[in-house]
Amino acid sequence: MILVGTGLLLILAGGVCAVMLRRMPSVADRAFAALVTGGGLMAAFPAIATLADGRSRMVRLPPIGPGGAWVFGLDRLSAWFLFTILAAGTMIAVYGTDYLAPERHERPIAAAHGLLAVLLVALCGVVTSQAVVPFLVAWEVMAVSAYLLVVFESERADVRRAGLIYLVLTHVSTIALLAMFAGWGRNAPELTFGALADTRVADAPGRVILALALVGFGIKAGVVPVHFWLPGAHAAAPSHVSALLSGVMLKMGIYGLLRMMSLLGVLPAWWGWTLLGLGLVSGVLGVLWALAQHDLKRLLAYHSVENIGIILLGMGVGALGMTYGQPVVAVLGLTGALLHTLNHALFKSLLFLGAGAVGRATGTRMIDQLGGVGRWMPLTAVTFLVGSVAIVGLPPLNGFVSEWIVLQALLRSGAAAGGIRVAVVTAAGLGLIGGLAVACFTKVNGVVFLGRPRSSGGVPPVECGPASVGPMLALAAACLALGVYPALAVGPAMDVGMSIARGASIADAGLAALGASLPRVALLALTLLGLSALLWLVRGYLLARSGVATSVTWAGAGAPLTARMQYTASSYAAPLLGAFGAVAGVRVRAAAPGFHSEPIDLVLDGTVFPVWRRLARLAHEARLLQAGRLRWYLLYVILTVLALLLYLGHTAAAR
Amino acid sequence: MTATPFVTLLAVLLAAPALPGIATRAKSLLTGRRGAPMLQLYADLAKLARKGAVYSRTTTLVFRVAPVILTAGVLVAAFLLPLDGRTPIFGFTGDLVAFAGLLALGRFALVLAGLDTGSSFEGMGTSREVTVAAFAEPALLLSLTVLVLVTGSLSLGGMLGAPLATAWPAAAPSLVLAGASLFMLLLAENARVPIDDPATHLELTMIHEVIILDHSGPDLALVLYAGAVKFALFGALVVSVLVPRGRFDPWVAGTMLLAGLALIAALVGVIEAVMARLRMDRIPQFLVTAGALAGLAVILLLR
């Protein structure tokens, strides 16, 4: 724990350096990047050690305020999330120095770096706290520093609006968690997680506690229907902050739910079914709504909702496995969820960094105005493509491995006995999610990076600098490494899963089968890559013999194609969105000169705002009662007294 | 380790280009025409391999790499099926997910290649392709789920091999439903009537053909060959589900597979002769029906 503490202090020192040395930008940037990376590496060491040997590393500090001792520490679960935060977080911080540099004279970028360091440390604090009070303190620091980063471009009205929605929602989340811990810890000797684990809560309050946890952690994770703060906040924040929010901060909700499961042990069946249902709804609707987006960052944000859905599917079937006494299903589901958490942190950060690079170079995030960007930004295009293949869950990359494990858990639940079998039907949902994700990411890659530029006249975009490309390359390499050598991450994830679902052992047939098939998955990935290389050589040989010519794209007998004739993102997604009708969350305008669709959020724009407007109108009408005339108020008093008297008389008569 | 898995795989890979020919010939016979030779695709492949390629100046490396990825993905997927009724070249727990993933990877690559040309034709085709795929994917997973529930195995080798043969009599209704669903998917995934018409000459009505308008030479050969192998793989799935071959001698089972593939290709030709293609907005309904059949089978098994 000393190493973790020192590492986090170094990260904070990096933030302080960025602020103190802001007069010397290049020194400040380098010091910030070096200190954050160094601190991250240092703090990651104990996390790796804990994942390897399984020993808990705890430190007990005297209490500050009420609530008992402040315990910090690493067990397997904490270590897994700490590693995830640091792996993605350090890359994001390094990228941020390059990304924000052009804004040096317009905005206080030193403060942004400092806040990013604070946010990173708060995230680490959330997952290393082993007591309620420090957990909530870290949670709140995380929420507020993230808010300040979201409204970094505060001169824009849409940014302020998105920030406000986020701030309200995150506090609803905090309040729910406060109430939850208050109820849970009522009879506990002290508010450490260890003490909470030993406190049995009666049935009825237990239900309330579990429901509050769903609300509090669900909002943070961006689960449908409380996801609606997420697209706005992610789109409004600077891109590297979006990467941290989407890749890492959402996972704090997942961490919270997993921590609950590890503390409470076996949970009632409705909890597992709810998680599974929420996962299915979030997964399908998240990707469907992503498909409808025109803003690159909003699209990626909705995709986070989808991936949270996949994680929840794994957790849900994991919880059900614990409830129904199917340890193999439980461990497989949890392993898949944990692995997808890490994987999503890697590829979603990568995608947001790529989106940021495109936005910087072209000056727009609107997909339909872009096109052919890959020609000028080849490294960004290739890394973005790697991230896309990974997020869609295709071999040979890491996303495939985690979705493969989640699907195995779902299918195995069907082969088991008892009520859990019904969970198998969600496998079809995962198939639908996969199919829609292919549509969504072919749209993004095709329309942004391939084809021809759709808006002419601007200067051609330029590839970004090494401090931006470096982190993207590193994250892409990590996606490939975990896809080709899955045992690297699956083994530790399985250990974490087994530490949550106690009672399973590695010797169980199903888990042994997973371990045994990992080399086969690696072989599959390598065969795929090797065969591709072989076919590439054959193709090269054939073409070398007969020659290659270049021409224009075939356009039939008519006039040559122009960039305006290309399919736009709207038209590309139209058949699919049309097939889904009202749930697709899109308003279509097909007028004479063109086709345009406008995405709407069915929860925020379709429900929350209309309900709010109606409430406001009702409140307005209610103001008639309070017209400021003394006579009226006296009348109200007399009427009230009369009503009370009547009531009293009525009850007295009844007695 | 016996030789049969390798021999059957080789036989299927060699015979695959004959399947579209058989379908065309069946259609020609029924519609009173002579039609192209049954082995036409072999001649086409040989000719395309010898030819050079023409690339649009709009295209990038993606366009050139895609046919290679597509073919490699389909070939590796072929390694996962127990073509001789017993053992695949390599299988593992949950390899059905890899099977679906490898086919999806090929689609991903081909769709990107289409978008790389910057043509409205290709844009149209790819948009339709991903629409079809999004509805086909859940149906495929449901069909495979039926097999998991019937056999209790999570690898294609078990789901389509000996355990299936043992469980077949008890679960026949579900398996027939799953087989029907898989056959509908075969039509959709391989751009056949009633989803897509490989013989159409108007770009505006195409799905698959219009994506590969700009491919030429060895690239086109790879795409065509991958298409033929994919047809064979879906055919093998249908044959394996409907006719459990796990109890036969592997050599006999392999021969049965080849005969079954020819039969399915002929059946596809018959469908093309007697049916028109569906309107584009009816395609989701067709695929949802396929999913519903498999879903019904799952419900029968969960009862």
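Structural data are supplied above this passage.
Residues numbered from 1 in each chain as written. Chains lettered and ligands numbered in written order. Predicted model: local features only at pLDDT ≥ 70, side-chain atom pairs only at ≥ 80, totals over all residues.

Caption draft 1: Just the overall build of chain A, in detail. A count of helices and strands for chain A gives 24 helices and 5 strands. Against the 2.2 N^0.38 benchmark of 26 Å for 655 residues, chain A shows a C-alpha radius of gyration of 27 Å, consistent with a compact globule. Dimensions of chain A along its principal axes, counting C-alpha atoms only, are 105 × 65 × 60 Å. Every one of the 655 residues in chain A was classed for burial, and the buried ones make up 57%. (Helix = DSSP H or I, 4+ residues; strand = E, 2+ residues; numbered from the N terminus. Rg over C-alpha atoms; globule rule 2.2 N^0.38 Å. Buried ≥ 20, exposed ≤ 12 C-beta atoms within 10 Å, placed from the backbone.)

Caption draft 2: Expanded view of the overall build of chain B. From N to C terminus, chain B includes 13 helices and 1 strand. Counting helices and strands in the order they occur from the N terminus, chain B gives α-α-α-β-α-α-α-α-α-α-α-α-α-α. Since a compact globule built from 303 residues should have a radius of gyration of about 19 Å, the 19 Å found for chain B is in line with a globular shape. By principal-axis analysis of the C-alpha atoms, chain B measures approximately 55 × 45 × 40 Å. Classification of the 303 residues of chain B by burial places 65% in the buried group. Pairs at least 24 apart in sequence give 80% of the contacts found in chain B among residues at least 6 apart. (Contact = placed C-beta atoms within 7 Å.)

Caption draft 3: Focus on the environment of T126 of chain B. Examined against the element boundaries, T126 of chain B turns out to sit in helix α6 (residues 120-151). In this view, T126 of chain B contacts T442 of chain A together with V111, G114, L115 and I211 of chain B; residues no more than four positions away in its chain are not counted.

Caption draft 4: Quick peek at unusual backbone geometry. Along the chain, V224 of chain A connects to P225 of chain A via a cis peptide bond; the corresponding omega equals 10°. Locating P225 of chain A in the fold gives a position in the loop between α8 (203-221) and α9 (229-236). Note that the residue after V193 of chain B, namely P194 of chain B, is joined by a cis bond; omega there is 10°. Structurally, P194 of chain B can be placed in the loop between α9 (172-189) and α10 (208-211).

Caption draft 5: Up close: the nonpolar core. L82, L119, L123, M142, L291 and C479 of chain A together with V146 of chain B are the most contacted members of the largest nonpolar core, which has 355 residues in total. A per-element tally of this core places helix α14 (residues 327-362) of chain A first, with 20 residues. (Core = buried A, V, L, I, M, F, W, Y, C linked by C-beta atoms within 7 Å.)

Caption draft 6: The pairing of strand β2 (residues 70-74) of chain A, seen in detail. Residue and element names in this part refer to chain A. For β2, the tally of buried residues reaches 5 of 5 residues, placing the bulk of the element in the interior. With 5 bridges connecting them, strand β1 (residues 57-61) and β2 associate as antiparallel partners. If you follow R57 over to β2, its bridge partner there is L74. (Pairing = 2+ DSSP bridges.)

Caption draft 7: How the structure looks around helix α19 (residues 466-484) of chain A. Residues and elements named next belong to chain A. In this model, α19 (19 residues) spans 26 Å end to end at C-alpha, consistent with the 27 Å of a helix rising 1.5 Å per residue. Taken together, the buried positions of α19 are occupied by S468, P471, M472, L475, A476, A478, C479, L482, G483 and V484. Buried residues along α19 sit in contact with α3 (76-100), α14, α16 (378-392), α17 (398-415), α20 (487-500) and α21 (509-546). (Expected span 1.5 Å × (residues − 1).)

Caption draft 8: Region of the structure containing the interface of chain B and chain A. Of the residues lining the interface, 69 residues belong to chain B; the matching set on chain A comes to 71 residues. Counting residues per element, the ones that place at least two in the side of chain B that touches chain A are α3 (40-50), β1 (53-56), α4 (61-80), α5 (95-116), α6, α11 (217-242) and α13 (283-302) of chain B. Counting residues per element, the side of chain B that touches chain A draws most heavily on α6 of chain B, which supplies 19 residues. Counted by class, the side of chain B that touches chain A contains 39 nonpolar, 21 polar and 9 charged residues. Here strand β3 (residues 548-551) of chain A runs beside β1 of chain B; their pairing, made up of 4 bridges, is parallel. The residue of β1 of chain B that forms the bridge with S551 of chain A is S56 of chain B. (Nonpolar A, V, L, I, M, F, W, Y, C, P; charged D, E, K, R; others polar.)

Caption draft 9: Region of the structure containing α3 of chain A. Between its first and last C-alpha atoms α3 of chain A spans 35 Å; for 25 residues at 1.5 Å apiece the expected length is 36 Å, and the two agree. Most of α3 of chain A is tucked away: 25 of the 25 residues are buried.

Caption draft 10: Structural view of the environment of F286 of chain B. Residue and element names in this part refer to chain B. Checked against the element boundaries, F286 lands in helix α13. Looking at F286, the number of C-beta atoms within 10 Å reads 18, which means it is partly exposed. Between the C-alpha atoms of F286 and F135, which are 151 residues apart in sequence, the distance is 9.2 Å.

Caption draft 11: Focus on the packing of α14 of chain A against α16 of chain A. Residue and element names in this part refer to chain A. The geometry of α14 relative to α16 is characterised by a closest axis approach of 9 Å and an angle of 145° between their N-to-C directions. Classified by chirality, the crossing of α16 by α14 is left-handed. Two secondary-structure elements touch here, α14 through F347, K348, L350, L351, G354, A357 and V358 and α16 through T380, T383, F384, G387, A390 and I391. A per-class count over the contact of α14 with α16 returns 8 nonpolar, 4 polar and 1 charged. (Axes fitted to C-alpha atoms, helices over the stretch in contact; angles between N-to-C directions. Left-handed = near helix turned anticlockwise from the far one by under 90°.)

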